[in-house]
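Spelled out from the first residue to the last, the chains are:
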Amino acid sequence: MSQLEIKDLHISIGEKPIVKGLNLTIKQGEVHAIMGPNGTGKSTLAKAIAGHPDYTITSGDVLMDGKSILTMEVDERARSGLFLAFQYPSEIPGVSIANFLRAAVQARMAEGEELDATGYYKRLYSKMDMLKIDRKFTSRSVNEGFSGGEKKRCEILQMAMLEPKFSIMDETDSGLDIDALRIVSEGVNALRGATLGILLITHYQRLLNYIVPDYVHVMWDGHIVKSGDKSLALELEEKGYDWVKKELVKV
Ligand code: ADP
Ligand code: MG
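Bear in mind the structure is a predicted one, so any value in this text is a computation, not a measurement. (Residues numbered from 1 in each chain as written. Chains lettered and ligands numbered in written order. Predicted model: local features only at pLDDT ≥ 70, side-chain atom pairs only at ≥ 80, totals over all residues. Heavy atoms only, no water.)

Colleague: Explain the pattern of salt bridges to me, using residue names and the numbers behind them.
Modeller: Here the structure, examined in full by the defined rule, presents 15 salt bridges. With its nearest N and O atoms 3.8 Å apart, the salt bridge here joins Lys7 to Glu5. By relative accessible area, Lys7 is classed as partly exposed at 39%. Residue Lys127 is joined to Glu163 by a salt bridge in which the shortest nitrogen-to-oxygen separation is 2.7 Å. (Salt bridge = Lys/Arg side-chain N within 4 Å of Asp/Glu carboxyl O. Buried < 20%, exposed > 50% of the residue type's maximum accessible area, 1.4 Å probe, protein only.)

Colleague: A description of the environment of Ile97 should follow, citing residues and the corresponding values.
Modeller: Relative to the helices and strands, Ile97 resides in helix 3 (residues 97-107). Residue Ile97 is classed as buried on the basis of its relative accessible area of 0%. Taking C-alpha positions, Ile97 is 32 Å from Ser68, a pair spaced 29 residues apart along the chain. In this structure, Ile97 is in contact with Phe137, Thr138, Arg140, Val142, Phe146, Cys154 and Leu157, ignoring residues within four places of it in sequence. (Helix = DSSP H or I, 4+ residues; strand = E, 2+ residues; numbered from the N terminus. Contact = heavy atoms within 4.5 Å.)

Colleague: How would you summarise the site of ligand 1 if you had to cite specific residues and measurements?
Modeller: Near ligand 1 you find Ile13, Lys16, Ile18, Pro37, Asn38, Gly39, Thr40, Gly41, Lys42, Ser43, Thr44 and Tyr55, and these make up its full shell. Note that an oxygen atom of ligand 1 is positioned 3.5 Å from one of the side-chain N or O atoms of Lys16. Contact between ligand 1 and Gly39: an oxygen atom at 2.7 Å from a main-chain N or O atom of the residue. For ligand 1, whose accessible area on its own is 560 Å², the fraction buried by protein is 61%. Only strand 2 (16-27) and helix 1 (42-50) provide two or more residues apiece to the shell around ligand 1. It is helix 1 that provides the largest number of residues to the shell around ligand 1, a total of three residues. Considering only residue class, the shell around ligand 1 consists of four nonpolar, six polar and two charged. (Near = heavy atom within 4 Å. Polar contact = N/O pair within 3.5 Å; in protein donor to acceptor, adjacent residues only side chain to side chain. Areas by Shrake-Rupley, 256 points an atom, 1.4 Å probe, with all protein chains shown as cover. Nonpolar A, V, L, I, M, F, W, Y, C, P; charged D, E, K, R; others polar.)

Colleague: Give me the layout of surface pockets: which residues, what numbers.
Modeller: Space inside the second largest pocket adds up to approximately 210 Å³. Arg108, Met161, Leu162, Glu163 and Pro164 are, among the 16 residues lining the second largest pocket, the residues nearest its centre. Of all elements in the fold, only helix 2 (74-79), strand 6 (82-84) and helix 5 (148-162) reach the threshold of two or more residues within the lining of the second largest pocket. (1 Å grid on protein atoms, 1.4 Å probe; cavity = no way out; pocket = protein on both sides within 12 Å on 5 of 7 lines; lining within 4 Å. Points joined across faces, edges and corners; volume = space filled by probe spheres on them.)

Colleague: If you had to explain the side chain of Asp170 to someone new, which residues and values would you point to?
Modeller: Topologically, Asp170 is positioned in strand 9 (residues 166-171). For Asp170, which is buried and forms no salt bridge, the nearest opposite charge comes from Lys47, at a distance of 6.0 Å. (Lys, Arg positive; Asp, Glu negative; His and termini not counted.)

Colleague: Tell me about the packing of aromatic side chains, residues and numbers included.
Modeller: Within this structure, the stated rule accounts for three aromatic pairs. Taken together through their ring pairs, the aromatic side chains of Tyr120, Tyr121 and Tyr125 make up a single cluster. Residue placement shows Arg153 over the ring face of Phe137; its charged tip is 5.9 Å from the ring centre. (Phe/Tyr/Trp six-rings, centres within 6.5 Å; stacked < 30°, edge-to-face > 60°. Lys NZ or Arg CZ within 6 Å of the ring centre and 35° of its normal.)

Colleague: Kindly report on the nonpolar core, identifying the contributing residues and their values.
Modeller: Taken as a class, soluble globular proteins show a tendency for nonpolar side chains to be buried jointly. Core analysis: the biggest nonpolar cluster contains 50 residues, and Ile97, Leu101, Leu124, Leu157, Met169 and Ile198 have the highest contact counts within it. Per-element tally for this core: the top contributor is helix 5, with seven residues. Every residue in contact with Leu101, bar those within four places of it in the chain, is listed here: Tyr120, Leu124, Leu157, Gln158 and Met161. Counting 28 residues, the second largest nonpolar core, distinct from the first, contains Ala46, Tyr55, Met64 and Leu82. (Core = buried A, V, L, I, M, F, W, Y, C linked by side-chain atoms within 4.5 Å.)

What follows is the structure in structure tokens.
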């Protein structure tokens, strides 16, 4: 069984430490949610793992199946089974979703290996059926004039096609209207299973009413201060993040 291990990770932006000693292990088949107030470093964590050049990992490691991903190029991280929802271009006029996904799938294949078009479309359509996506959708240009919900649908379909071992999804507070929320949660619930580990980052407890996580972690000031099961999310909803501050953070 595969696992993604984040070990005592420290991340800085410029000179400023943002993530300060974060530990988390995700096994294939598990859904982990990280919650926390704005500015605590949730997106920084996701972006640094994605290999964003502005985010410097100053110490610690991220291991997939025991192997550090930090020395890998961004595309190598993806090829070895890591999916990061936001690392893709926001709008590509003139490129259909079908062709974009085809290029993405081809890029994950070994050198010299050719993607078979018939097989590709068969797989694409079966994933679209599973996710209840209309056939017309994939002839549209990537993200061009898309609503928040359509962007999410494109992202989920991409995740379905790439069949990652681990997926890190940073669901920022903005852009998750009720339509997008439904698409993300139905998509994640359709894709979750024994071969996929998910790290779902969110500010809002509401998302976790639809995607019931196996584990919930509360992040505060750059590290995880409390972990529990789904009931922790409900407790947070009820008591707010001030409760975490008072009860859990030793100042
Ligand atoms: P969260 O996702 O938990 O709301 P972020 O990871 O976005 O938090 O931000 C953590 C801290 O890092 C904040 O203080 C934010 O202002 C700062 N920060 C995030 N991105 C940048 C950046 N590109 N340049 C400078 N500071 C940043
Ligand atoms: Mg964020």
